[in-house]
Amino acid sequence: DFEGARTRAARALAVNPNLVGPHLTIARTYEFEEAYPEMQKEVAAARSVNPRSTEALAVLAACHWLRGDRSRHDAAVRRCLGIDPTFARLYWILGESASHHRRVDDAERFLRQALSMNPELDLAQTSLGNLYMREGREEEARERLERAFDMDRYNYRTLNFIKLLDYLDRDFSVPVSP
């Protein structure tokens with residue numbers, strides 16, 4: 001419910017207009033709708049609150065990447081990593097964006113890059129496991145998801161994916177009557 005998410009984010013901004021997060025929530029809803037000018041506008045609003053927000057720069061990089069603007073994407077990535085060279089969430093955000101738009105090879109590349117920067121980034125482990133599940137690579141998916149769950153035992157999203165894999169591992173064969 002993108003409209004509901006935007007409404008709740010707008011309410012948060014009405015209480016405190018100096019928050020970056022609600023602007024990025026709104027931007028990500030526009031991403032799903034492929035409304036990139038609106039997405040970029042919300043990222044600009046987030047950056048007006050905090051020009052050094054690495055999270056906002058990562059979403060901006062995703063916006064430019066999705067639009068096919070490689071030079072602006074690269075510039076946003078450089079700015080983001082210039083602020084924090086260890087910000088692995090940049091590549092997690094890019095991987096999530098690629099995954100949502102079914103650009104599987106790019107998603108895997110970005111997520112692997114996130115994990116090469118920070119192997120303990122459970123979000124990237126979960127996203128990569130989810131990507132592998134969708135691709136039918138269940139053994140690799142389980143390995144990533146279990147690793148992510150070991151990092152964060154309270155992550156219900158990861159746990160639900162593991163439970164789904166457990167369910168799929170069950171024997172569903174129907175006995176043949178004689």
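To be clear, the structure that these remarks concern was listed above.
Sequence order sets the numbering: in each chain, residues are counted from 1 along the sequence as written. Local features in a predicted model are, by the rule used here, given only for residues with pLDDT of at least 70; side-chain atom pairs are given and counted only at 80 or more, and totals for whole chains, interfaces and linings are based on all residues. The side-chain figures draw on all heavy atoms in the structure; neither hydrogens nor water molecules are used.

Observations regarding the overall build of the protein chain
Phase 1: To qualify as a helix, a DSSP run of H or I must reach at least 4 residues; to qualify as a strand, a run of E must reach at least 2; elements of each kind are numbered from the N terminus. A tally of regular secondary structure across the protein chain gives 10 helices and 0 strands.
Phase 2: When the helices and strands of the protein chain are listed from N to C terminus, the series reads α-α-α-α-α-α-α-α-α-α.
Phase 3: Overall, the C-alpha framework of the protein chain stretches about 70 × 35 × 30 Å when taken along its three principal axes.
Phase 4: Burial classes: relative accessible area under 20% of the type maximum marks a residue as buried, over 50% as exposed, and values in between as partly exposed (1.4 Å probe, protein chains only). Classification of the 178 residues of the protein chain by burial places 46% in the buried group.
Phase 5: In the protein chain, the proportion of contacts linking residues at least 24 apart, taken out of those at least 6 apart, comes to 49%.
Phase 6: Taken as a whole, the protein chain presents about 9900 Å² of accessible surface, with 50% of it coming from carbon and sulfur.
Phase 7: Each charge class in the protein chain was averaged separately, 26 positive and 28 negative side chains, and the resulting centres sit 6 Å apart. The contact criterion used throughout is that any non-hydrogen atoms of two residues lie within 4.5 Å. Throughout, the Shrake-Rupley method with a 1.4 Å probe supplies accessible areas, and for residues the shown protein chains are the sole cover considered. Charge counting treats Lys and Arg as positive and Asp and Glu as negative, with His and both chain ends excluded. To locate a charge, take atom NZ for lysine, CZ for arginine, CG for aspartate or CD for glutamate.

Remarks on the pattern of salt bridges
Pairing between side chains of opposite charge can happen when the charged atoms of each approach one another.
Phase 1: Here, a salt bridge means any side-chain nitrogen of Lys or Arg that lies within 4 Å of a carboxyl oxygen of Asp or Glu. All told, the structure shown has 16 salt bridges when counted by the stated rule.
Phase 2: The partner of Asp150 in a salt bridge is Arg153, and the shortest N-O contact between them spans 3.3 Å.
Phase 3: Exposure remark for Asp150: the relative accessible area of 56% places this residue in the exposed category.
Phase 4: Where salt bridges share partners, they join Glu108, Arg112, Arg137 and Glu140 into one cluster.

Points about the side chain of His23
Phase 1: Tracing the backbone through its elements, the reader meets His23 in helix H2 (residues 21-32).
Phase 2: N or O atoms closer than or at 3.5 Å make up a polar contact, with two conditions inside protein: a donor-capable atom paired with an acceptor-capable one, and, for residues adjacent in sequence, both atoms drawn from side chains. A distance of 2.9 Å separates a polar atom in the side chain of His23 from a polar atom in the side chain of Glu42.
Phase 3: When near neighbours in sequence (up to four residues on either side) are disregarded, His23 contacts Leu13, Pro17, Glu42, Ala45, Ala46 and Val49.

Side note on the state of the cysteines
Phase 1: Note on terminology: disulfide denotes any pair of cysteine sulfur atoms within 2.5 Å. If you walk through the whole model with that rule in mind, you get 0 disulfides.
Phase 2: The closest cysteine sulfur to the non-disulfide-bonded Cys63 is located on Cys80, 15 Å from its own sulfur.
Phase 3: Note on Cys80: relative accessible area 0%, which makes it buried.

Considerations on the packing of aromatic side chains
Phase 1: Stacked, edge-to-face and tilted are the three classes for Phe, Tyr and Trp ring pairs, Trp counted by its six-membered ring, which pair at centre distances within 6.5 Å; planes under 30 degrees apart are stacked, over 60 edge-to-face, the rest tilted. Tallied over the full model, the rule gives 3 aromatic pairs.
Phase 2: Ring centres of Trp65 and Phe110 lie 5.4 Å apart, and the angle between their planes is 80 degrees; on these two criteria the pair is classed as edge-to-face. One end of the pair, Trp65, is in helix H4 (residues 54-67); the other, Phe110, is in helix H7 (residues 104-117), and 45 residues separate them in sequence. There is no split in this pair, since Trp65 and Phe110 are both buried.

Some details on unusual backbone geometry
Phase 1: With phi around 55 degrees, Glu34 is a residue other than glycine that occupies positive phi space.
Phase 2: Looking at the secondary structure, you find Glu34 in the loop between H2 and helix H3 (36-49).
Phase 3: Backbone geometry places Arg102, a non-glycine residue, at a positive phi of 60 degrees.
Phase 4: Secondary-structure assignment places Arg102 in the loop between helix H6 (89-100) and H7.

Observations regarding the packing of helix H9 (residues 138-151) against helix H10 (residues 156-169)
Phase 1: Only the stretch in contact is used when fitting a helix axis, every axis being a line fitted to C-alpha atoms; angles between N-to-C directions are given from 0 to 180 degrees. Running from amino to carboxyl end, H9 crosses H10 at an angle of 145 degrees, the nearest separation of the two axes being 9 Å. Regarding H9 and H10, the two cross each other, and that crossing is left-handed. The segment H9 lies against H10, with Glu138, Ala141, Arg142, Leu145, Glu146, Ala148 and Phe149 engaging Thr158, Leu159, Phe161, Ile162, Leu165, Asp166, Leu168 and Asp169.
Phase 2: Classifying every residue of the contact of H9 with H10 by side-chain character gives 9 nonpolar, 1 polar and 5 charged. Helix crossings get a hand from a simple test, with the near helix turned counterclockwise from the far one by less than a right angle marking a left-handed crossing and a clockwise turn marking a right-handed one. Only Asp, Glu, Lys and Arg are considered charged in this grouping, and only Ala, Val, Leu, Ile, Met, Phe, Trp, Tyr, Cys and Pro are considered nonpolar; every other residue, Gly among them, is considered polar.

A few points about the packing of helix H8 (residues 122-134) against H10
Phase 1: At a closest axis distance of 10 Å, the pairing of H8 and H10 adopts a crossing angle of 30 degrees. As the angle between them shows, H8 and H10 are arranged roughly parallel. Handedness of the H8/H10 crossing: left-handed. Of the residues in H10, those in contact with Thr126, Ser127, Asn130 and Met133 of H8 are Arg157, Thr158, Phe161, Leu164 and Leu165.
Phase 2: Broken down by class, the residue content of the contact of H8 with H10 amounts to 4 nonpolar, 4 polar and 1 charged. Under this scheme an angle from 65 to 115 degrees is roughly perpendicular, one under 35 degrees roughly parallel, and one over 145 degrees roughly antiparallel; angles in between are oblique.

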